[in-house]
Amino acid sequence: GQQVMQIPQYQHVQEGEDFTTYCNSSTTLSNIQWYKQRPGGHPVFLIQLVKSGEVKKQKRLTFQFGEAKKNSSLHITATQTTDVGTYFCAGPVRGNKLTFGTGTQLKVEL
Amino acid sequence: DAGVTQSPTHLIKTRGQQVTLRCSPKSGHDTVSWYQQALGQGPQFIFQYYEEEERQRGNFPDRFSGHQFPNYSSELNVNALLLGDSALYLCASSPSAGSSYEQYFGPGTRLTVT
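Anyway, here's the lowdown on the structure attached to this text. Just so we're clear, the structure is a prediction, and the values are computed from it rather than from any experiment.

**Some thoughts on the overall build of chain B**
- Scanning chain B from N- to C-terminus turns up zero helices and 11 strands.
- N-terminal to C-terminal, the α/β element order of chain B is β-β-β-β-β-β-β-β-β-β-β.
- Here the C-alpha radius of gyration of chain B, 13 Å, is about what a compact globule of 114 residues would show, namely 13 Å.
- The dimensions of chain B, computed from C-alpha atoms along their principal axes, are 40 × 25 × 25 Å.
- In chain B, 53% of the contacts between residues at least 6 apart in sequence involve partners at least 24 apart.

Below is the structure:
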């Protein structure tokens, strides 16, 4: 079954609102990566987290890796229309096989 | 500096046929991974090639096979195509083998099986 789950599956927000997606793994991860896929495009790497409890920021994006290294979150402050897309987390669930989460599709309305 | 390139962009095949997809990695990368992405789902890991050998394999049948050439480019072959093989096939390159490196994805090949 699916080993990396993300919630919510979909999120519609008004421009300027905040957005958060949560990623949960059934096993402890050595690292977690986040990707963004625009409609009709391919996944683009955003960031990698390695340490327990790690927090990284990229402008309006804040990424966290849980203390147990089994969950992660991505928070976007004051969304913009350019944030539209599907956000995936990914981690090595079985050995070195990178497993992608189910994804959260973000739509931003003016 | 060229990124990851894939060919063809789109492909339509009939059930039972065979298909070959091609990928050239980003300059400086020696590892290529292939993923299958069905509509509305996340990419699913097929396999990874490093030093011309398959290093990791996901939960895909033997109908899926690959190859890596000395110049690090790679091919994905799928035999006896099924309708369920219709998907976007993504190639990703990284600077080394394993899952600890960011994946640089190509634009993908959209395969439709009728």
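Next comes the rest of the description.
**Let's talk about the interface of chain A and chain B**
- With 16 residues of chain A in contact, the opposing surface of chain B contributes 19 residues.
- Taking both partners together, chain A and chain B bury about 1500 Å²; carbon and sulfur atoms supply 52% of that area.
- Counting every contact that joins chain A to chain B gives zero salt bridges.
- Seen at the junction of chain A and chain B, the total is five residue pairs in polar contact (both at pLDDT 80 or more).

**Quick word on the sheet that holds strand β8 (residues 74-78) of chain B**
Residue and element names in this part refer to chain B.
- On the basis of which strands lie adjacent, the open sheet formed by four strands has the order β1-β3-β8-β7 and antiparallel pairing. With one partner strand each, in any of the chains shown, β1 (5-7) and β7 (64-68) form the two edges of the open sheet. Taking each pair of neighbouring strands and ignoring which way they run, the sheet shows an average axis angle of 20°.
- Where β1 and strand β3 (residues 19-24) come together, three bridges link them in antiparallel fashion. By the bridge assignment for β3, glutamine 6 is matched with cysteine 23.

**A short note on the pattern of salt bridges**
- Counted by the stated rule, this structure contains six salt bridges over all chains.
- Taking the shortest distance from any N to any O, the salt bridge between arginine 60 of chain A and aspartate 83 of chain A comes out at 2.9 Å. Pair noted here: arginine 60 of chain A is in the loop between β6 (55-58) and β7 (61-65) and aspartate 83 of chain A is in the loop between β8 (71-76) and β9 (85-94), with a separation of 23 residues, a long-range link.
- With a closest N to O distance of 3.1 Å, glutamate 54 of chain B and arginine 57 of chain B form a salt bridge.
- On the accessibility criterion, glutamate 54 of chain B (34% relative accessible area) is partly exposed.

**Side note on the environment of tryptophan 34 of chain B**
All names here are of chain B.
- Along the chain, tryptophan 34 turns up in strand β4 (residues 31-37).
- Given a relative accessible area of 0%, tryptophan 34 falls into the buried group.
- Along the sequence, tryptophan 34 and asparagine 77 sit 43 residues apart, while their C-alpha atoms lie 11 Å from each other.

**Focus on the state of the cysteines**
- Counted by the stated rule, this structure contains two disulfides over all chains.
- Between the sulfur atoms of cysteine 23 of chain A and its disulfide mate cysteine 89 of chain A the distance is 2.0 Å. Because the torsion about its S-S bond is 80°, the bridge between cysteine 23 of chain A and cysteine 89 of chain A counts as right-handed. Of this pair, cysteine 23 of chain A sits in strand β3 (residues 19-25) while cysteine 89 of chain A sits in strand β9, placing them 66 residues apart in sequence.
- Exposure remark for cysteine 89 of chain A: the relative accessible area of 0% places this residue in the buried category.
- Put simply, cysteine 23 of chain B and cysteine 91 of chain B are joined by a disulfide, and their sulfur atoms are 1.8 Å apart. Here the disulfide of cysteine 23 of chain B and cysteine 91 of chain B is left-handed, its torsion about the S-S bond being about -55°. Here the residue cysteine 23 of chain B occupies a position in strand β3, and cysteine 91 of chain B occupies one in strand β9 (residues 87-94), the gap between them amounting to 68 residues.

**Re the packing of aromatic side chains**
Residues and elements named next belong to chain A.
- Scanning all chains against the criterion turns up 12 aromatic pairs over all chains.
- Seen from their ring centres, phenylalanine 88 and phenylalanine 100 are 6.3 Å apart, and the 75° between their planes marks the pair as edge-to-face. In this pair, phenylalanine 88 sits in strand β9 while phenylalanine 100 sits in strand β10 (residues 97-100), placing the two residues 12 residues apart along the sequence. Judged on exposure class, the residue phenylalanine 88 and its partner phenylalanine 100 are both buried.

**Describing the side chain of glutamine 6 of chain B**
Residue and element names in this part refer to chain B.
- By secondary structure assignment, the location of glutamine 6 is in strand β1.
- Since its relative accessible area comes to 10%, glutamine 6 is described here as buried.
- At 3.0 Å, the side chain of glutamine 6 and the backbone nitrogen of cysteine 91 are in polar contact.
- Beyond its immediate sequence surroundings of up to four residues, glutamine 6 is in contact with Arg22, Cys23, Trp34, Tyr89, Leu90, Cys91, Gly106, Pro107, Gly108 and Thr109.

What counts, and where the lines are drawn
- Residues numbered from 1 in each chain as written.
- Chains lettered and ligands numbered in written order.
- Predicted model: local features only at pLDDT ≥ 70, side-chain atom pairs only at ≥ 80, totals over all residues.
- Heavy atoms only, no water.
- Helix = DSSP H or I, 4+ residues; strand = E, 2+ residues; numbered from the N terminus.
- Rg over C-alpha atoms; globule rule 2.2 N^0.38 Å.
- Contact = heavy atoms within 4.5 Å.
- Buried area = accessible area lost by both parts, 1.4 Å probe.
- Salt bridge = Lys/Arg side-chain N within 4 Å of Asp/Glu carboxyl O.
- Polar contact = N/O pair within 3.5 Å; in protein donor to acceptor, adjacent residues only side chain to side chain.
- Pairing = 2+ DSSP bridges.
- Axes fitted to C-alpha atoms, helices over the stretch in contact; angles between N-to-C directions.
- Buried < 20%, exposed > 50% of the residue type's maximum accessible area, 1.4 Å probe, protein only.
- Disulfide = S-S within 2.5 Å.
- Phe/Tyr/Trp six-rings, centres within 6.5 Å; stacked < 30°, edge-to-face > 60°.

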